[in-house]
Amino acid sequence: MASLLSSVSSISAASNQTLNRHFRSQNRLFYARVSLSRHQRFVVRATETETDEVNSQIPDKAPTSGGSSFNQLLGIKGAKQETNKWKIRLQLTKPVTWPPLVWGVVCGAAASGNFHWNIEDVTKSILCMIMSGPLLTGYTQTLNDWYDREIDAINEPYRPIPSGAISENEVITQIWVLLLGGLGLGGLLDVLAGHKEPIIFYLALGGSLLSYIYSAPPLKLKQNGWIGNFALGASYISLPWWAGQALFGTLTPDIIVLTILYSIAGLGIAIVNDFKSIEGDRALGLQSLPVAFGAETAKWICVGAIDITQLSVAGYLLASGKPLYALALLGLIVPQVVFQFQYFLKDPVKYDVKYQASAQPFLVLGLLVTALATSH
């Protein structure tokens, strides 16, 4: 929705030394060797096992007692350490991040005005959801974890890649399988939709490239908090919406403008995940918004981006002669603001999961209201 793995981002010699000390103190079985070659490639070698036969030894910082099997399957913080490779692979794809993409497809189908509850349309929409969620979002998350392994070694050394729970070759294979599967399914959807131009394939390819430059050098958009988070917001809102609408109808200028505007709200959502990575981002020079502006200012940037965007969309719907839809959207904004004060603005690290679980459903319902209001 978004040469391939031959190099990783450059880090300073001081950061390399800090990272090596961290690994020596946190992990008895593994050590980090940073070779300052032309590309400064970061290599983790197993001292007692082969790289393809990894061990599940848990670093000291790992949540050994409180780890949750459910969190592990969803790919969120507080996960139980696993040795089952398929569960580890699923964890890398972060299933908890799939629903917004799946919902984006629903909104696009609704906005097209051409979706019908029959076997053909339901099948096509399910395939589009699989493309957007498990395949291309899974590709994006696995790729991001691969390029974030130095940061995760500082923030969350017990994650699958820095802990050595999965080997380099296995991660790279997973990235390619998910990418090619998503692109292939995009091409199939164009055939099923009878498109003369493979627009869904182009959207899948564009989203995949955006995901790559978000995580990988030399561009590594995530190094810039504004650009990176907006790119992430666009990937999570605009691209799946466009794919769903293109599958059943045609994209229109008003939809393109509205979804890009909603991507600003996506920027705010993306910032939520940056607070738990402040230590590692600062150490490696990544200018996330909490690092650049401080946690307190970044909290207000986050909620402001979400709330102001939705208020602007409500104003647009009202000006378009759709007051009931505008009122419905305003009604969905109120509980989001309540949960922002109750959880996020108090402690964005401690309450990040509770905040997203409580506030995000109202945001996605607002997306559907907008989609229905603009359906043709």
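Source: prediction; values computed, not measured. (Residues numbered from 1 in each chain as written. Predicted model: local features only at pLDDT ≥ 70, side-chain atom pairs only at ≥ 80, totals over all residues. Heavy atoms only, no water.)

**Things to note about the overall build of the chain**
Looking only at helices and strands, one finds 17 helices and two strands in the chain. For the chain, with 376 residues in total, the buried portion stands at 55%. Only carbon and sulfur atoms are counted for the fraction: they give 63% of the accessible area of the chain, which is about 16300 Å². (Helix = DSSP H or I, 4+ residues; strand = E, 2+ residues; numbered from the N terminus. Buried < 20%, exposed > 50% of the residue type's maximum accessible area, 1.4 Å probe, protein only. Areas by Shrake-Rupley, 256 points an atom, 1.4 Å probe, with all protein chains shown as cover.)

**As for unusual backbone geometry**
The omega torsion across proline 217 and proline 218 is 10°, close enough to zero to call that bond cis. As for its position among the elements, proline 218 is in the loop between α9 (199-215) and α10 (225-236). In this model, lysine 94 sits at a positive phi of 50°, which is unusual for a non-glycine residue. Here lysine 94 lies in the loop between α3 (85-93) and α4 (98-112). Positive phi values are uncommon outside glycine, yet lysine 220 reaches one of about 40°. The buried category is assigned to lysine 220, whose relative accessible area is 3%.

**A look at the UniProt feature "transmembrane region" (unreviewed entry) in the chain**
Feature annotation in UniProt assigns "transmembrane region" (unreviewed entry) to the following positions: residues 175-193, 199-214, 226-243, 255-272 and 324-345. Counting secondary structure, residues 175-193 comes out at 100% helix and 0% strand; the distance between its end C-alpha atoms is 27 Å. The distance from the first to the last C-alpha atom of residues 324-345 is 30 Å, and the span holds 95% helix and 0% strand. (UniProt positions renumbered as here; feature names shortened; annotations may be inferred.)

**As for the side chain of serine 358**
Position of serine 358 relative to the elements: it lies in helix α17 (residues 352-373). Separated by 3.1 Å, the side chain of serine 358 and the backbone oxygen of tyrosine 355 make a polar contact. Those residues in contact with serine 358, other than ones at most four positions away along the chain, are Phe339 and Tyr343. (Polar contact = N/O pair within 3.5 Å; in protein donor to acceptor, adjacent residues only side chain to side chain. Contact = heavy atoms within 4.5 Å.)

**Overview of the nonpolar core**
Judged by nonpolar contacts, the single largest core of 73 residues is most densely connected at Met131, Trp241, Tyr262, Phe344 and Tyr355. In this structure, tyrosine 262 is in contact with Ile237, Thr309, Gln310, Val313, Leu329, Leu363, Gly366, Leu367 and Thr370, ignoring residues within four places of it in sequence. Ranked by size, the runner-up nonpolar core spans seven residues in total, among them Leu221, Ala231, Leu232 and Tyr236. (Core = buried A, V, L, I, M, F, W, Y, C linked by side-chain atoms within 4.5 Å.)

**Here's the deal with the packing of aromatic side chains**
This model, assessed by the stated rule, comprises eleven aromatic pairs. Centroid distance tyrosine 147 to tyrosine 212: 6.5 Å. Interplanar angle 75°. Geometry classified as edge-to-face. Taken as a pair, tyrosine 147 in helix α5 (residues 119-147) and tyrosine 212 in helix α9 lie far apart in primary sequence, 65 residues in all. Classification of tyrosine 147 as buried rests on a relative accessible area of 2%. (Phe/Tyr/Trp six-rings, centres within 6.5 Å; stacked < 30°, edge-to-face > 60°.)

**Focus on the layout of surface pockets**
In this structure, the largest pocket spans a volume of roughly 1200 Å³. Lys94, Thr97, Gln141, Asn273 and Gln356 are the residues nearest the centre of the largest pocket, which is lined by 49 residues in total. For the lining of the largest pocket, the secondary-structure elements that each account for two or more residues are α4, α5, α6 (149-155), α10, α12 (253-272) and α17. Here the lining of the largest pocket gets nine residues from one element, more than from any other, and that element is α17. Considering only residue class, the lining of the largest pocket consists of 20 nonpolar, 17 polar and twelve charged. (1 Å grid on protein atoms, 1.4 Å probe; cavity = no way out; pocket = protein on both sides within 12 Å on 5 of 7 lines; lining within 4 Å. Points joined across faces, edges and corners; volume = space filled by probe spheres on them. Nonpolar A, V, L, I, M, F, W, Y, C, P; charged D, E, K, R; others polar.)

**Focus: the pattern of salt bridges**
In total, this model carries nine salt bridges according to the counting rule given. Aspartate 145 is paired through a salt bridge with lysine 94; the nearest N and O atoms lie 2.7 Å apart. Of this pair, aspartate 145 sits in helix α5 while lysine 94 sits in the loop between α3 and α4; the two residues are 51 residues apart in sequence, bridging distant segments of the chain. We classify aspartate 145 as buried; its relative accessible area is 5%. Aspartate 152 is the partner of arginine 159 in a salt bridge, and the nearest nitrogen-oxygen pair spans 3.8 Å. According to the relative accessible area criterion, arginine 159 is buried, its value standing at 6%. One continuous salt-bridge network, built from bridges that share partners, spans Lys94, Asp145, Asp152 and Arg159. (Salt bridge = Lys/Arg side-chain N within 4 Å of Asp/Glu carboxyl O.)

**Side note on the environment of lysine 350**
Mapped onto the elements, lysine 350 comes out in the loop between α16 (323-344) and α17. Lysine 350 sits 75 residues away from phenylalanine 275 along the chain, and the two C-alpha atoms are 9.8 Å apart.

**Quick notes on a nonpolar patch on the surface**
On the surface, a cluster of nonpolar side chains totalling about 270 Å² of accessible area is made up of Phe230, Ile256, Ile260 and Ile264. For the nonpolar patch, the leading source of residues is α12, giving three residues. Checked against the element boundaries, isoleucine 260 lands in helix α12. (Patch = residues over 30% accessible without salt bridge, like charges linked within 9 Å, V, L, I, M, F, W, Y side chains within 5 Å.)

**So, the packing of α4 against α5**
Look at α4 against α5: their axes get within 9 Å of each other, and the N-to-C directions meet at 150°. Considered as vectors, α4 and α5 are oriented roughly antiparallel to each other. In the crossing of α4 with α5, the sense of the turn from one axis to the other is right-handed. When α4 is examined against α5, the residues Trp98, Leu101, Val102, Val105 and Val106 are found in contact with a partner set consisting of Ser125, Cys128, Met129, Ser132, Gly133, Pro134, Thr137 and Gly138. Among the residues forming the contact of α4 with α5, the class breakdown is eight nonpolar, five polar and no charged. (Axes fitted to C-alpha atoms, helices over the stretch in contact; angles between N-to-C directions. Parallel < 35°, antiparallel > 145°, perpendicular 65-115°, else oblique. Left-handed = near helix turned anticlockwise from the far one by under 90°.)

**Regarding the side chain of glutamine 310**
Note on placement: glutamine 310 falls in helix α15 (residues 295-319). Relative accessible area serves as the criterion here: at 0%, glutamine 310 is assigned to the buried category.

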